[in-house]
Amino acid sequence: MSRTGKETVEYFHEKVFTCKDPEKMKSIYDEWNFGYSKDLKSASYKGPVHTAHMVHRFVNDKNCTICDVGAGTGLVAEELRKLGFTGRMDAIDPSTGMAKEAIEKKLYNKFYHEYLIPGQQCSVETESYDNVTCCGSIIPGHVRYQCIAELLRICKPGGHVVVTLRKDYLDMEEFVGMDQFLKNLEKNGTTSMTVVHEFPQYYLHYPALVFVLKKKASFKQRM
């Protein structure tokens with residue numbers, strides 16, 4: 001029996017939540033690529049819309065450069081384009097299957113096929129983007145919240161890092177310490193502002209949280 005779009009979203013999320021092997025997870029997303037955008041739409045996935053609108057709220061320069069982390073098929077980039085953002089957008093996502101659709105849409109200039117791992121730097125140069133987005137990637141079994149430090153590293157001082165996730169994830173063991181982690185970023189001078197905005201719908205019946213961090217200190221100056 002074939003699954004509905006909503007059932008498919010739950011099916012694949014269950015698979016990736018329990019997957020501990022990065023290469024197997026990549027293959028799961030490569031497999032899901034063909035119906036990914038359609039399935040999420042049927043599940044009323046609003047994460048990319050919320051992410052783009054928060055960028056629109058805090059960023060005045062529509063010609064700014066943006067790195068979209070966990071870009072998938074380019075849903076965030078599509079919403080940003082709708083809001084008038086015309087600058088260069090690049091993407092980070094390990095799934096070549098997902099990237100294929102995004103590349104066909106001509107949403108990104110460059111695609112980095114990489115994983116983000118806490119304590120490790122990806123190949124993106126320090127402070128190379130005006131702003132950074134990350135929607136739907138900081139979830140169980142995926143990108144750890146500690147990788148927000150890496151998002152800040154590739155963001156220029158004065159820029160914004162916008163992170164969107166399901167609110168109920170914060171109750172999970174994997175997310176213990178995230179609140180203090182964000183406070184420490186302000187305390188040590190990395191960020192000058194952290195705004196948290198709640199939206200009633202992320203996808204299906206789950207509410208969303210969007211974290212907006214403004215980068216203050218230059219990593220180059222602190223090295």
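Since we're looking at a predicted model, the values are computed, not measured. (Residues numbered from 1 in each chain as written. Predicted model: local features only at pLDDT ≥ 70, side-chain atom pairs only at ≥ 80, totals over all residues. Heavy atoms only, no water.)

1. Description of the sheet that holds strand β7 (residues 206-215)
In a beta sheet, neighbouring strands are held together by backbone hydrogen bonds and run either parallel or antiparallel to one another.
Next up, step 1: Reading across the sheet, the 7 strands line up as β3-β2-β1-β4-β5-β7-β6 and stay open at both edges, with mixed pairing between neighbours. The two strands at the open ends of the sheet, each matched to only one other strand, are β3 (111-112) and β6 (191-203).
Next up, step 2: Taken together, the 7 bridges between strand β5 (residues 155-166) and β7 define a ladder with antiparallel strand orientation. In the sheet register, Leu165 faces β7, and the bridge partner there is Leu209. (Pairing = 2+ DSSP bridges. Helix = DSSP H or I, 4+ residues; strand = E, 2+ residues; numbered from the N terminus.)

2. Focus: the packing of aromatic side chains
Next up, step 1: Following the criterion strictly, the structure yields 4 aromatic pairs and no others.
Next up, step 2: The interplanar angle of 90° and the centroid separation of 5.6 Å between the aromatic rings of Tyr108 and Phe111 together place this pair among those described as edge-to-face.
Next up, step 3: Owing to a relative accessible area of 11%, Tyr108 belongs among the buried residues under this scheme.
Next up, step 4: Phe111 sits in the buried class, given a relative accessible area of 15%.
Next up, step 5: Note on Tyr169 and Phe175: the rings are 5.9 Å apart at their centroids and 15° apart in plane angle, and the pair reads as stacked.
Next up, step 6: Residue classification places Phe175 among the buried residues on the basis of a relative accessible area of 4%.
Next up, step 7: In this arrangement the basic side chain of Lys62 is found over the ring face of Phe85, its NZ or CZ atom lying 5.3 Å from the centre.
Next up, step 8: Over the ring of Tyr206 we find Arg166, and its NZ or CZ is 3.5 Å from the ring centre. (Phe/Tyr/Trp six-rings, centres within 6.5 Å; stacked < 30°, edge-to-face > 60°. Buried < 20%, exposed > 50% of the residue type's maximum accessible area, 1.4 Å probe, protein only. Lys NZ or Arg CZ within 6 Å of the ring centre and 35° of its normal.)

3. Things to note about the pattern of salt bridges
Next up, step 1: This structure, assessed with the given rule, holds 11 salt bridges.
Next up, step 2: Salt-bridge contacts for Arg166 lead to Asp168; the nearest nitrogen and oxygen are separated by 2.7 Å.
Next up, step 3: Residue classification places Asp168 among the partly exposed positions, given a relative accessible area of 25%.
Next up, step 4: As a salt-bridge pair, Lys167 and Glu198 come within 3.2 Å of each other at their nearest N and O atoms. Separated by 31 residues along the polypeptide, Lys167 in the loop between β5 and α8 (178-187) and Glu198 in strand β6 bring together distant segments of the chain. (Salt bridge = Lys/Arg side-chain N within 4 Å of Asp/Glu carboxyl O.)

4. Focus on the environment of Ile103
Next up, step 1: As for its position among the elements, Ile103 is in helix α6 (residues 96-104).
Next up, step 2: Accessibility expressed as a relative area gives 52% for Ile103, which makes it exposed.
Next up, step 3: In sequence terms Ile103 and Thr73 are 30 residues apart; their C-alpha atoms lie 8.2 Å from each other.

5. Remarks on the environment of Ala52
Next up, step 1: By the secondary structure assignment, Ala52 is in helix α4 (residues 47-58).
Next up, step 2: Residue classification places Ala52 among the buried positions, given a relative accessible area of 0%.
Next up, step 3: Separated by 81 residues in sequence, Ala52 and Thr133 have C-alpha atoms that sit 8.5 Å apart.

6. Here's the deal with the pairing of β6
Next up, step 1: Note: β6 against β7, 9 bridges, orientation antiparallel. Counterpart to Val195 in the pairing with β7 is Val212.
Next up, step 2: Taken together, β6 and the strand that follows it, β7, pair antiparallel across an intervening segment of 2 residues, in which Leu204 is found at a positive phi of about 50°.

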